[in-house]
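# Summary of structural features
Letter by letter, the chains look like this.
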Amino acid sequence: MRLQAGQNVGPREIGIPEEARDDVLLRRAANGDEDAFTVLYRRHQAAIYRFALRMTGNAWASEEIVQDVFMTLMRDPKKYDAARAALAAYLYGITRNRVMKHLERLPREFQLDEQNENGSRGGAAVINAVTPMHWAESQERMGQVRAAVLDLPAEFREVVVLCELEELSYEEASQRIGCPIGTVRSRLHRGRALLLAKLEMLRDVPRRFSAAR
């Protein structure tokens, strides 16, 4: 496909056939093309759900947030400007707004293991462990990390999720959040320190309990 002058194509969409680009699919979906909407949904749903789940720790709330994000997109698709940002970044902005509202409105609930991070239910877990005891200890550590992340203040939790779990660069996280790179670095530094402190406290609990017996 030869790009015409003036076409607004994001860097990640260069080389993608025009009919498969997000902005083209969105226009088709807005005109009632259900197949185009399905492609968009499948392309972006997992990332939205994963971020919402890591921020809220609540599978049900994360499902609701995903549905709300796509409903918001389809209610007013013209709000998306392909010249300003990729659709993934635009959807992240809506998701972040919904997540923050959820955190302000509801108490935290721990439901991280109800669903897989792509939103699918059930399925046997793949266990890569030498022994059942090793697996149990690994699962316990994972649970402690998840609980510690969820216990961070929202502004620190967000950068830890983006930079540590989603593995975005400082620049990418800065663009998503809408703040300077220096702010991302400082929040991440503080978030890491708080996370390590919380994990150290959790690790000390069994030792204090054993000593008290």
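A brief report on the enclosed structure follows. (Residues numbered from 1 in each chain as written. Predicted model: local features only at pLDDT ≥ 70, side-chain atom pairs only at ≥ 80, totals over all residues. Heavy atoms only, no water.)

It is worth spelling out helix α1 (residues 22-30) at this point. Within α1, burial applies to Asp22, Asp23, Val24, Leu25, Leu26 and Ala29. Among the residues trailing α1, Gly32 stands out with phi positive, at a value near 100°. (Buried < 20%, exposed > 50% of the residue type's maximum accessible area, 1.4 Å probe, protein only. Helix = DSSP H or I, 4+ residues; strand = E, 2+ residues; numbered from the N terminus.)

As enumerated under the stated definition, the model contains nine salt bridges in all. The partner of Asp23 in a salt bridge is Arg27, with the nearest N and O atoms 3.9 Å apart. Linking Asp23 with Arg27, this pair stays in helix α1, spanning four residues, or about one helical turn. Salt-bridge contacts for Glu166 lead to Arg54; the nearest nitrogen and oxygen are separated by 3.0 Å. Note that Glu166 is positioned in the loop between α6 (154-165) and α7 (170-177) and Arg54 in helix α2 (residues 34-56), a separation of 112 residues in sequence. There is no split in this pair, since Glu166 and Arg54 are both buried. Three or more residues are tied together by salt bridges with common partners; here these are Arg21, Asp23 and Arg27. (Salt bridge = Lys/Arg side-chain N within 4 Å of Asp/Glu carboxyl O.)

Another point: the packing of aromatic side chains. In total, this model carries five aromatic pairs according to the counting rule given. Considering the side-chain rings of Phe37 and Phe70, the 6.1 Å spacing of their centres and the 85° angle between planes classify their relative orientation as edge-to-face. Here Phe70 lies in helix α3 (residues 59-75) and Phe37 lies in helix α2, a separation of 33 residues in the sequence. What makes Phe70 buried here is its relative accessible area of 3%. Here a set of aromatic residues connected by ring pairs shows up, and it is made of Phe37, Tyr41 and Phe70. In this structure, Arg176 is placed above the aromatic ring of Tyr92, and the distance from its NZ or CZ to the ring centre is 5.2 Å. (Phe/Tyr/Trp six-rings, centres within 6.5 Å; stacked < 30°, edge-to-face > 60°. Lys NZ or Arg CZ within 6 Å of the ring centre and 35° of its normal.)

A few words on the nonpolar core. Of all hydrophobic cores here, the largest spans 41 residues; its most connected members are Phe51, Leu87, Leu162 and Leu195. If you list the elements that add at least two residues to this core, you get α1, α2, α3, α4 (87-105), α5 (132-150), α6, α7 and α8 (181-212). At eight residues, α2 tops the list of elements feeding residues into this core. (Core = buried A, V, L, I, M, F, W, Y, C linked by side-chain atoms within 4.5 Å.)

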